[in-house]
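# Fold and contact review
What follows is the residue order along each chain.
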Amino acid sequence: MVLYAPTPTDTFDRLESEVRSYCRGWPTVFKTGQGAVLTDEDGRDFIDFFAGAGALNYGHNPPEIRQALIDHISAGYVTHSLDMMTVAKRDFLETLSSLILEPRGLDYKVMFPGPTGTNAVEAALKIARKVTGRQSVAYFTNGFHGMTLGALAVTGNQYKRGGAGVALSDTVALPFETFFGEGVDTLDQLEAMLADQGSGLELPAAVIVETVQAEGGVNVASPEWMRRLSAMCREAGVLLIVDDIQVGCGRTGTFFSFEDMDLPYQPDLICLSKSLSAYGVPFSIVLLDPRWDVFAPGEHNGTFRGHNLAFVTAAAALREWWTDGALSSGVADRALLVNIELERMRDAYPDHFTEVRGRGMIQGIVCADPSLADAVCALAFERGLLVETAGPRGEVIKILAPVNIDEALLAKGLGILRSAVDDVIAK
Ligand SMILES: *Cc1c(COP(=O)(O)O)cnc(C)c1O
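Summary of the structure given here. Bear in mind that the values here come from a model prediction, so they are computed numbers and not experimental data.

## Examining helix 12 (residues 326-348)
- Under the 1.5 Å per step criterion, the end-to-end length of helix 12 is 34 Å for 23 residues, consistent within 8% with the ideal 33 Å.
- All of the buried residues along helix 12 are Leu-327, Gly-330, Val-331, Arg-334, Ala-335, Val-338, Glu-341, Leu-342 and Met-345.
- Looking at the buried side of helix 12, the elements it contacts are helix 11 (308-321), strand 13 (353-359), strand 14 (362-367), strand 17 (396-399) and helix 14 (407-426).

## Some thoughts on the packing of aromatic side chains
- Following the criterion strictly, the structure yields 20 aromatic pairs and no others.
- Seen in terms of ring centroids, Phe-92 and Phe-311 are 6.1 Å apart; in terms of plane orientation they differ by 20°. Their pairing is stacked. Here Phe-92, found in helix 5 (residues 87-101), pairs with Phe-311, found in helix 11; they are 219 residues apart in sequence, far enough to count as distant.
- Each ring, one from Phe-179 and one from Phe-180, has its centre 5.3 Å from the other, and the planes form 70°; the classification is edge-to-face.
- Residue class for Phe-179 comes out partly exposed when judged on its relative accessible area of 44%.
- Judged by its relative accessible area of 48%, Phe-180 falls in the partly exposed class.
- Taken together, the ring pairs in this structure connect Phe-92, Phe-112, Phe-283 and Phe-311 into an aromatic cluster.

## Notes on the site of the ligand
- All residues adjacent to the ligand are Thr-116, Gly-117, Thr-118, Phe-144, His-145, Gly-146, Glu-210, Asp-243, Ile-245, Gln-246 and Lys-274.
- For the ligand, an oxygen atom lies 2.8 Å from a polar atom in the backbone of Gly-117.
- Contact distances for the ligand include 2.7 Å between an oxygen atom and a side-chain N or O atom of Lys-274.
- Its free accessible area being 380 Å², the ligand has 82% of it covered by the protein chains.

## Quick look at the side chain of Arg-305
- Topologically, Arg-305 is positioned in the loop between strand 12 (285-288) and helix 11.
- Overall, Arg-305 belongs to the buried group, its relative accessible area being 8%.
- At 3.1 Å, the side chain of Arg-305 forms a polar contact with the side chain of Asp-83.
- Here Asn-301 takes part through its side chain, which lies 2.9 Å from a polar atom of the side chain of Arg-305.
- With near-sequence residues (within four places) excluded, Arg-305 lies in contact with Leu-82, Asp-83, Phe-112, Pro-113, Gly-114, His-300 and Phe-311.

## Here we look at the pairing of strand 5 (residues 137-140)
- What you see with strand 5 is no split at all: Val-137 and Tyr-139 on one side and Ala-138 and Phe-140 on the other are buried throughout.
- Two strands pair when backbone bridges link them, and strand 5 and strand 7 (residues 206-209) are joined in this way by 2 bridges, in the parallel orientation. From the neighbouring strand, Val-137 faces strand 7, where its bridge partner is Ala-206.

## Things to note about the sheet that holds strand 13
- Taken in spatial order, the 4 strands of this open sheet run 13-14-17-16, and their pairing is antiparallel. In the strand order of this sheet, the two ends are held by strand 13 and strand 16 (388-390), each with one partner. Neighbour to neighbour, the strand axes of the sheet diverge by 30° on average, direction disregarded.
- Two elements, strand 16 and strand 17, share 3 bridges in a ladder whose sense is antiparallel. Each residue of the ladder has a partner; that of Ala-390, found in strand 17, is Val-396.

Here is what the cut-offs are and how they apply
Residues numbered from 1 in each chain as written. Predicted model: local features only at pLDDT ≥ 70, side-chain atom pairs only at ≥ 80, totals over all residues. Heavy atoms only, no water. Helix = DSSP H or I, 4+ residues; strand = E, 2+ residues; numbered from the N terminus. Expected span 1.5 Å × (residues − 1). Buried < 20%, exposed > 50% of the residue type's maximum accessible area, 1.4 Å probe, protein only. Contact = heavy atoms within 4.5 Å. Phe/Tyr/Trp six-rings, centres within 6.5 Å; stacked < 30°, edge-to-face > 60°. Near = heavy atom within 4 Å. Polar contact = N/O pair within 3.5 Å; in protein donor to acceptor, adjacent residues only side chain to side chain. Areas by Shrake-Rupley, 256 points an atom, 1.4 Å probe, with all protein chains shown as cover. Pairing = 2+ DSSP bridges. Axes fitted to C-alpha atoms, helices over the stretch in contact; angles between N-to-C directions.

Here it is as C-alpha cells:
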C-alpha cells in the first residue's frame, strides 16, 4: 500500500510554512521566465498576468537588464556596501536624477531604506512624524502599504491587520474616493473634520495614499480628488505621502502614477519599490522633499541599503525604457485592449460582473460573488494563465500583465480569461 506519494510540490508542503499563499492557487513548480511567460519544470508555459504583483513591469528576465547585471558581477564590482559610496550607486543616483526627476521638474533627495516596499513606507512614516512632531497618520479604506507594524497600521485589510498581534495605533482611516460609490466627495468629510474642533480628529502628521489601490481592489483615484487632497494637506500642514510602490514605474503609463494629474504641490514623500529594480531584485527608495530630509546620520539604518545589484539593474532599466515616450504610449495601447475585453465580459454577464475599473495596465473586473473570481482564476491557471484576485473579499479579478507584454500574447491571455469566465458561468 502506498501511504506516501511524492508529488512535485511535496517539498513545499513538508518544509515550508503554512503562511505561503500564491503557490496554493498555482500548484506547479516554476523553472524559467522570459518576458510575460513563466515555464514550469514540466515545460508548461503560463502567460503571466500577475507580474510579480507589480515587481516585474518589464517582464521576467529582460535581456537588456540581465546583461548589465552579468557584466557587473563578472567584473567583480562591489555587491554590498551599506551606505558607502560606490560607482554603481553614483550611476543610479545620477541616472534617476537626469532621466526621471529633472525632466519632470521634481526636486527630491533620495533615501535608501531597507530593500522592500514596507521598509520605504516605514521610513516615510517616521520622517513625517519627526518633521511634524505629530503621531497620527491618516490612511484610506482598502489602502495597502506593507506588513511591518507601522505599514500594517496604515493598511485597511482586517485579515492582514489581525496578524499583527499587537494594537496598531497612531493611525486613522479615512474613506477613499470610491468608498461610498458615486456622488459622495469623501474629502468633504476630511475637510469638515479638520475644521471642526469637536470632530475628534487629531491633526495627522501625514496622509498616505495610493493613486490606484492595487491590493485593495483596483480602486482608482481621480485627478480632481488627488489635486484636492494635495491642496488640503498643504493647507493643513500635513505631509502627503504617495505610495507608488505598485503603480509607479510605468504601470499607469507614466513613471509616477500622479505625474499627469497636475497636482498643485509635489508630494512631500514618494515610496518606490517593486519594479524599480526591473529585475525582481529587492530595492526600494523614498524620495523626500529636501525640506524633510531630517534624519541625522544613522538615525534610520539598515544593512541592505547598499544593494549594488539593484543599483545596476535599476539604472539600466531607466536608460532602457525612460529616455523616450515609447513605453508610455505602448502602455496606453495595451490598456485599451484589456479594457475592451473586460467591458465585453461585463456586458455579456451583467448579473455576474458589476464593474470594470483601472488605469493603464492595472485593470480589474468586479465579481458580484467572490467565489466566481476564485473559480475563474483557478480554471485560467489550468489553461495556462496566471491571474490573481484583489479587493477586501477577493472579488476583483486583477489584470497586472507586464506593461510591455507582446500584444499577441496579451490577446491570447485575455482569450484564456474569457474562456474561463464563459465555462465557469456556464457550469
Ligand atoms: C507591495 C506593496 C507594498 C509593500 O511592499 P513589500 O515589498 O511587500 O514590503 C507597499 N505598498 C504597496 C502599494 C504595495 O503594493
